[in-house]
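Close look at the chain arrangement
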Amino acid sequence: MPSVAVAVETPRHSSVSGLLDYASEQTLPPGTLLRVPLGRRDVPGLVWERRADAPPPPAELRPVTLALTALPPLGADWRALVDFAAAYYQRGVGELALAVLPPELRKLDDTQLARRLKRLASLQAPPAAAEPPRPELSEEQAAALDVLATPGVASRPVLLHGVTGSGKTEVYLRAAAAALARGEQALVLVPEINLTPQLEARFAERFPGRLLVSLHSALTPAQRLRNWLLAHLGRADLVLGTRLAVFASMPRLGLIVVDEEHDPSFKQQEGARYSARDLAVWRGHHAGVPVLLGSATPSLETWQRVQEGRYLRLPMTQRIGGGAMPRVRLVDMNLLPKTNEERVLAPPLLAAIEERIARGEQSLLLLNRRGYAPVLHCGACAWKSGCPHCSAWRVFHKLDRTLKCHHCGLSERVPRACPDCGNLDISPIGRGTEKLQEQLAQLLPQARIGRLDADSTRGEGQLQQQLQAVHAGDVDVLVGTQMLAKGHDFRRVTLVAAVNPDGALFTSDFRAPERLFALLMQAAGRAGRDAAQAARSEMWIQTWHPTHPIFTALRAHDYAAFAAAQLAERQAAGLPPFASLALLRADARSAEVAAGFLHEASALAQAYAGVTVFPPVPPFVSKVADVERMQMLVESPSRVTLQRMLAAWLPELNAVRSRHKGLLRWAVDIDPLAI
Ligand code: ADP
Ligand code: ZN
Ligand code: ZN
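Residues numbered from 1 in each chain as written. Chains lettered and ligands numbered in written order. Predicted model: local features only at pLDDT ≥ 70, side-chain atom pairs only at ≥ 80, totals over all residues. Heavy atoms only, no water.

1. Here's the deal with the nonpolar core
Counting residues in each nonpolar core, the largest one holds 122 residues, and the members touching the most others are W78, F247, L584 and W649. Residue contacts for W649: discarding those within four places in its chain leaves L584, A601, L604, A605, Y608, M632 and V634. By size, the runner-up hydrophobic cluster in this structure holds 28 residues, among which are V171, A186, L240 and L292. (Core = buried A, V, L, I, M, F, W, Y, C linked by side-chain atoms within 4.5 Å. Buried < 20%, exposed > 50% of the residue type's maximum accessible area, 1.4 Å probe, protein only. Contact = heavy atoms within 4.5 Å.)

Here it is, written out as structure tokens:
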């Protein structure tokens, strides 16, 4: 009987790895979804090309349980993407492939699937309304689109480096229109789709009569399956999604856009820790499809590739309507007169906000910490609201009177008295968004003060409701976390303030300055989006370190200078993008066990040349939900050397693992973002 090689969902480093062989009476082409027996269970799998160097399959094979032949097989480009991603991120092919397919697929049998496909095939595209008027392009938009339309230009990824408000979205829309006109599909990746319903609406409005689908984790399983199928069948012309959409199967793919390409949320943080941005670049290159990366503050990796000529940069330096960039004003907190009371906002900043309120304009206050206060404290015995299961404080949420751990989720009612000594006088230390909102309500009794953070937007539709209130002018001052900074096109905001950004200046993570700079630039970009008000728009920063180079660059809106300084530091320190990193993580009930595993792994690593293995260290939050975590960095100046080393070294760690009782899991993170 003929046989097929099948990728099943076993991790690469488990005892069963690679492809398994099964007998099949039917010839099943690669990319066919099926179910096969594994041990005593039936598991989903995908027919895959047998590797050229694989030994011939044994004569006795178990038969395939079920082949889902109603579904057109996943194409060669898609399989190539999965093969690459699995190899690069050191995962099993089947593990990765099945993790990125809609989970519903594995629940259906062939008949059910055929029925769905039939229903989708008869789906009508929305009726073609009149083409909406398209705005006249700015000179810079037109220039960028001219270059994009030049034959051959798409052989390199293109960085659309446009300041906030320069109209990058219009460039995406036109580039997508061109792809659609060629009969191709366009894939648009955004960092957080729930924060950008505006984008979805703009695409839907621009392309009446075209089928647009979204792919993100907030969809119901049935919606996700439907949308994925429409993309896979080639019915959907536009796919808009978050990082998981980079794996959408699109047989007519003709354009990939990655908006806010620098955003950390393009990196998956569990399982196969892939970078959707990097995979988008690979996918575009492999399929010969143009890739457009958009940002006002590109990642330093992307910027370095521009410097090397590997990516093409298309600049857009002017805001639409010619409005000025907001003036950046630093408040030197050292110079404020001392008071005994807690200082909420510096007096000149408060006055500037009051001016806005009087003029009917809006202000945004950025404070990257949710809850009321990061910790509760007893003055009598020094008790603090630590989490019993994590090496972290539990955050005081005043609105629902709880102490919440933001790491393990533990939530308890606030104790009435100190749990250690019974003292009734326990008090919050520090300040989160809830407290800032409360304080502002006292300082500005006439103002309407809103709050936008993960807590205020948890309920169904709450986020849209709150954004709508801001757009409608029902809010004078909006307090919030970094959610505030992302992409919103608020037209009445003329003041943005970072209330306390200093915390990010001195962390040990070498990417912290890059991230802070991007966040502040993006936040600043929320002010003065209406050109008529741009001239009086301001970005305020309260800091104890006003001479820090980040703020100097921010003041000049000088991304290039900031990037050059950062890249020089990275080069001197041998850090990305001048070196490649992998982070080996180990979780155990005790830190000793986790470290023991990493030490032995480190000893084995000494056999490989060209890599440096650093000593195991605990991450910033070392214990989460009673699990102790340790990590170990592996670095090489050469990506290829590191990849080869990992491919040989990681499989050795399975044997190591069995010698460390109590080790819960280990995993590797390639190109880690947080260290
Ligand atoms: P960015 O993403 O670069 O920050 P947007 O794409 O959000 O900027 O554009 C900013 C604003 O300018 C939006 O309200 C958009 O509708 C408008 N806009 C973009 N291009 C044009 C144009 N050519 N003419 C008029 N308005 C435009
Ligand atoms: Zn006490
Ligand atoms: Zn906890």
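2. Observations concerning the sheet that holds strand β21 (residues 477-480)
Taken together, the six strands give an open sheet; going across it, the order is β13-β23-β22-β14-β21-β20, and neighbouring strands pair in parallel fashion. The sheet terminates laterally at β13 (327-332) and β20 (449-452), the two strands that pair on one side only. Pairs of neighbouring strands in the sheet enclose a mean axial angle of 20°, with direction left out of account. Relative to β21, strand β14 (residues 362-366) runs parallel, the two sharing four bridges. Each bridged residue has a counterpart across the sheet, and for L366 the counterpart in β21 is G480. Against the sheet, helix α11 (residues 433-443) engages β14, β20 and β21, with an angle of about 175° to β20. Relative to the sheet, helix α12 (residues 462-471) contacts β14, β20 and β21, its axis offset from that of β20 by approximately 140°. (Pairing = 2+ DSSP bridges. Helix = DSSP H or I, 4+ residues; strand = E, 2+ residues; numbered from the N terminus. Axes fitted to C-alpha atoms, helices over the stretch in contact; angles between N-to-C directions.)

3. Overview of the side chain of H262
Note that H262 resides in the loop between β10 (253-259) and α8 (276-287). Using a relative accessible area of 15% as the deciding quantity, one classes H262 as buried. Polar contacts involving the side chain of H262 include one to the side chain of S295, which spans 2.8 Å. Of the polar contacts made by the side chain of H262, one reaches the backbone oxygen of T297; its length is 3.5 Å. For H262, the residues in contact, after removing those within four places along its chain, are S295, T297, P298, S299, A518 and Q522. (Polar contact = N/O pair within 3.5 Å; in protein donor to acceptor, adjacent residues only side chain to side chain.)

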